[in-house]
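Next come the chains, spelled out residue by residue.
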Amino acid sequence: MSESETTAAECVQCDHCMQETGRNTAVTARIDGQTKYFCCHGCLGVYELVNSSSLDAFYRQRCDWQPGPPATGVKLQSAHFSDTVTIAGDEHRIELLLSGIRCASCVWLIEKFLVKVEGVLSARVNYATHKAIITWSGRKTTLDTILNAVRDIGYLPHPCHQNAGSTVFAEEKQDLLLRFGTAGFFSMQLMLFTAALYAGFFQGMESRYRVAFQLISWALASPVLFYAGFPFLSNAWRSLRRLTLNMDVLVALGSLSAYLYSIAMIPLGGEVFFDSAAMIITFILLGRFLEAGSRLKAGNAMAELAELQPQEALLLSESGQTTMVPISAVNPGDRIEVIPGDRIPLDGVVIEGEAEVNESMLTGESRPVLKEPGSSIFAGSFSMNGRLTIKVTGKASATLLSRIIKTVEDAHARKAPIQNIADKTAGFFVPVTILLAFATFLYWKLSSGSTVSALLNAVSVLVIACPCALGLATPLAILVGTSASGKKGILVKGGDIFETLSKTTTVVLDKTGTITRGKPSITDLHDFARTPAFLQHAASLEASSEHPTAHALAGAWDGDLLKVERFRAIPGRGVSGTIEGESWLAGSEAFMQQENIEITPEQQAIASRLDTEGKTVVMVACNKRVAGVIGLIDDLRDDALPMIKLLRKKGMKLKILTGDNRGVADYIAAKCGITDVQACLGPIEKAAVIRELKERGECVMMVGDGINDAPALTEADTGVTVGQASGIALESAGVAILKDDLRLISTLIDSSSKCFSVIRQNLFWAFAYNLIALPLAVTGVLHPIISAMLMATSSLVVVSNSLRLKKP
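Residues numbered from 1 in each chain as written. Predicted model: local features only at pLDDT ≥ 70, side-chain atom pairs only at ≥ 80, totals over all residues. Heavy atoms only, no water.

The next thing to look at is the overall build of the protein chain. Counting its regular elements, the protein chain contains 27 helices and 31 strands. Here the protein chain holds 808 residues, and 53% of them are scored as buried. Carbon and sulfur atoms provide 56% of the accessible area of the protein chain, an area that totals close to 35700 Å². (Helix = DSSP H or I, 4+ residues; strand = E, 2+ residues; numbered from the N terminus. Buried < 20%, exposed > 50% of the residue type's maximum accessible area, 1.4 Å probe, protein only. Areas by Shrake-Rupley, 256 points an atom, 1.4 Å probe, with all protein chains shown as cover.)

Structure below.
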């Protein structure tokens, strides 16, 4: 007989979805020499697919599977998912919401099946949120293939919108409210009869009335336990079957012990404790409900940010007609129009019109910023008073707002190292508590001879133990801390970064564009007449570079630029290229020496003089001979000195690293009052200096803004970029300060210290609570109802303390 057949001859269970179906109407198939029954062809298809992929273990390990056919045969259109795909080179990434997940083994099946699909690089499914993150090679497979693969094994993918997480929290809160309301209603009725029973205990009561009140109490406690408390009971059962004991096992053991003992006492004439069983569930549900509300509140910051993203845009045609279209239909290069009072739908560059734009949602800066032709503009910002025509520079999924939301969501998932303490403790906490409760029962039973006292004290031990507070202590503080920093324009990419930041001892500053304005101006130009249009050649060569010095040189020429071939940028050194068949280079003196360019004593003297005056020296060479020497000056930013003053007050050691020459570095360092400065460093040398500092025991924060800072930002314990940072630097840094204000570095350190302090307070409270409460429960001081109240309160203390981080 097939394993799936039931004892009823006329019915069989579907071998895939476990739905009962008539034997005569069932779809049958011979698989591996056995007859298999299925409720529909969809289940047969999924079973064959799982079987052919050698993933039959799924059917052996699944538990608590809810019977029902899978979602197969649904036609999927990848176009509906395209705006949620992010692409980095050949690697594509998508986040999906999956329906049809019924137990933890579904997660196993989806992950194992997807990684067998050719081209899929990774697949991770979160059982709690039903979210899947899948990456794949764009050359080897397509989004259609992946979506259909998910559907073919019985799960339906949905586009994952930014506020999906908040929806999950909201649904959880609504469910808890319904269960708590039910538990509260029945518990209040129950307490009336309990009060009567207690009165009868002291003043006497006829047996028939006592039994009647006990039976009514039983009837009132049952819905509380088995409806309102169902999540605890079902989770505890799953936990026991997987041998991974959790908090719900304690709640289930505590409430069921009181409930079953009371049932047994009704015919024996003993005391009943239905009130304890019901109130344990009611108080813990109240705690969970308040906790869910607080988590929803904490997570709303990102949901509010996501809601700033408009879903439609006014697309401008060649004829000037505007059409309202979904933002997913707008491509880079398209023109869109924004009217006064509208939010900007996509990132782009203003090509027509002027407007004051509120970017406070990105930078925390409340003052509007004037946008005019040539200005960059970002999705989610708000046009206050002007009509703008914008050339779109990226897809909807690649806007700065989307990247911020994605980064913060990733940050919420990253653990701070201190959380390992809680994780390790929680692993043995529940088994130890169960053993302690058992020991408490034996002690009181043997010492007092009273089963009632022994049972109540054991139940108190089970109920008062609270690993919830331990579990919430770190992640909730990180959730609130990262969200609060994001509102100030400080993007922290993980909880581990908060912990590292709070230990910072040395702050290393890049010079150009970080503590200086990043907009140098030309003060000296020495043309050695190698070419009739020296400045035009120098400007043409530098026009393709991102370095501020290159921008100054390119901006100094207002005529036509020459065509540059074989352009090459050497970070921290200079640029090279071919113009009209001649080889040109521009960069530092060290770059010239590296390229074996001949430098005459006269040219050397000029460079030395400019260097002594604190100016940046750019040498321009043509065909292996120096064609000119240019001096530029880049002065200190207005907010640099206040920032340095704030860091000194915190006792930080300060250091400047720069690729510029010694004279410029000394000039800027002297104005800052910083004595520790190193000049003429390339990107690798900067990273090496950071490594040396770390080897000496320093906890290093590197602040930079350019591509040449990327290795140092990565090497530092914490990399920080400020203002309009370049893309690579933004990716390399652990923290991105979106508002162009150096003083926020001090705010960042303060926020990190505050967040880490809250985490330590939470952990201290969680450990201290259990260390104090458990002995009181063991010694019989606490009644189970009081224990339930204290247990719910312990979690709320952690939640409330974490929410303090939302305050400025």
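Next up on the list: unusual backbone geometry. Phi is mostly negative for residues that are not glycine, and the peptide bonds are mostly trans. Positive phi, normally seen in glycine, also occurs at R566, with a value near 50°. Within the secondary structure, R566 is located in strand β22 (residues 564–570). The class for R566 is exposed, based on a relative accessible area of 66%. For N596, which is not glycine, the phi dihedral falls at a positive 60°. Tracing the backbone through its elements, the reader meets N596 in the loop between α19 (589–594) and α20 (601–612).

The end-to-end C-alpha distance of helix α13 (residues 451–464), which contains 14 residues, comes to 20 Å, matching closely the 20 Å that a straight helix rising 1.5 Å per residue would cover. Along α13, 11 of the 14 residues are buried, which leaves the element largely enclosed by surrounding structure. Between the side-chain oxygen of the N-cap and the backbone nitrogen of V452 there are 3.4 Å, and the N-cap of α13 in question is S450. (Expected span 1.5 Å × (residues − 1). Polar contact = N/O pair within 3.5 Å; in protein donor to acceptor, adjacent residues only side chain to side chain.)

Before going further, it helps to examine the packing of helix α26 (residues 744–778) against helix α27 (residues 784–803). Running from amino to carboxyl end, α26 crosses α27 at an angle of 170°, the nearest separation of the two axes being 9 Å. Between α26 and α27, the angle falls in the class roughly antiparallel. Here α26 contributes V758, Q761, N762, W765 and Y769 to the contact with α27, which in turn contributes L790, M791, S794, V797, V798, N801 and S802. Tallied by class, residues from the contact of α26 with α27 come to 7 nonpolar, 5 polar and no charged. (Axes fitted to C-alpha atoms, helices over the stretch in contact; angles between N-to-C directions. Parallel < 35°, antiparallel > 145°, perpendicular 65-115°, else oblique. Contact = heavy atoms within 4.5 Å. Nonpolar A, V, L, I, M, F, W, Y, C, P; charged D, E, K, R; others polar.)

On to the nonpolar core, then. Of all hydrophobic cores here, the largest spans 49 residues; its most connected members are F274, I280, I281, I284, L285 and I464. Those elements that provide at least two residues to this core are α5 (164–203), α6 (207–228), α8 (247–268), α9 (274–307), α12 (419–448), α13, α26 and α27. Not counting the four nearest positions on each side in its chain, L285 is found in contact with L176, R179, F180, A183, A228 and F232. Counting residues in hydrophobic clusters, the runner-up holds 48 residues, among them A473, A477, V703 and I749. (Core = buried A, V, L, I, M, F, W, Y, C linked by side-chain atoms within 4.5 Å.)

For the rest of this paragraph, the subject is the side chain of T399. Secondary-structure assignment places T399 in the loop between β18 (388–392) and α11 (400–413). On the basis of relative accessibility, which here comes to 1%, the residue T399 falls in the buried class. Excluding its chain neighbours within four sequence positions, the residues that come into contact with T399 are Q309, L346, D347 and A379.

Between side chains of opposite charge, pairing is possible as soon as their charged atoms come close. Within this structure, the stated rule accounts for 14 salt bridges. In this structure, the salt-bridge partner of E206 is R208, at a minimum N-O distance of 3.0 Å. For R208, a relative accessible area of 58% gives the class exposed. One salt bridge in this structure joins K650 and D750, with 2.6 Å as the shortest N-O distance. Note that K650 is positioned in the loop between α21 (640–649) and β27 (653–657) and D750 in helix α26, a separation of 100 residues in sequence. (Salt bridge = Lys/Arg side-chain N within 4 Å of Asp/Glu carboxyl O.)

Our next topic: the packing of aromatic side chains. Under the counting rule described, the total for this entry stands at 8 aromatic pairs. Judged by centre distance (5.3 Å) and plane angle (80°), the ring pair of F185 and F186 falls under edge-to-face. Judged by relative accessible area, F185 falls into the partly exposed class, the value being 47%. Measuring from ring centre to ring centre gives 6.0 Å for W765 and Y769, while their planes differ by 35°; the resulting arrangement is tilted. Of this pair, W765 and Y769 are both found in helix α26, 4 residues apart, which corresponds to roughly one turn of the helix. On the basis of relative accessible area, W765 is assigned to the partly exposed category, the value being 31%. Its end group placed over the ring of Y227, R179 keeps NZ or CZ at 4.9 Å from the ring centre. (Phe/Tyr/Trp six-rings, centres within 6.5 Å; stacked < 30°, edge-to-face > 60°. Lys NZ or Arg CZ within 6 Å of the ring centre and 35° of its normal.)

Looking at the protein chain, pLDDT values average 79 and 83% of them are 70 or higher. Taken together, the stretch residues 1–8 has pLDDT below 50 and engages in 14 contacts with residues farther than four places along the chain or on a different chain. (pLDDT = per-residue confidence, 0-100.)

The next point concerns the side chain of E499. Relative to the helices and strands, E499 is located in helix α15 (residues 495–501). Of the polar contacts made by the side chain of E499, one reaches the side chain of K503; its length is 3.4 Å.

In spatial order, the strands read β19-β31-β30-β29-β20-β27-β28; together these 7 strands make up an open sheet with mixed pairing. Every interior strand has two partners, whereas the edge strands, β19 (490–492) and β28 (677–678), have only one. Where β19 lies against strand β31 (residues 735–737), 3 bridges are found, and the strand directions are antiparallel. Within the sheet, the bridge partner assigned to V492 lies in β31 and is V735. (Pairing = 2+ DSSP bridges.)

This next bit is on the sheet that holds strand β15 (residues 369–371). Ordered in space as β15-β14-β17, the 3 strands form an open sheet in which the pairing is antiparallel. The sheet terminates laterally at β15 and β17 (382–383), the two strands that pair on one side only.

In the contact formed by α13 and α27, the axes pass within 8 Å of each other and the chain directions differ by 5°. Classified by the interaxial angle, the pair formed by α13 and α27 is roughly parallel. Packed against α13, whose contacting residues are L456, V459, S460, V463 and I464, the element α27 presents P784, S787, A788, L790 and M791 at the interface. Of the residues belonging to the contact of α13 with α27, the class tally is 8 nonpolar, 2 polar and no charged.

Take the environment of R343 next. Relative to the helices and strands, R343 resides in the loop between β12 (335–338) and β13 (348–352). Each C-alpha atom, one on R343 and one on M384, is 9.0 Å from the other, the two residues being 41 residues apart in sequence. When residues no more than four places from it in sequence are discounted, the contact partners of R343 are L308, P310, V338, G380, S381 and F382.

What follows deals with helix α18 (residues 548–555). Quick reminder: α-helices carry 3.6 residues per turn. Residues three or four places apart thus point the same way. Most of α18 sits out of view: 6 of its 8 residues are buried. When we look at burial in α18, the residues that qualify are P548, T549, A550, A552, L553 and A554.

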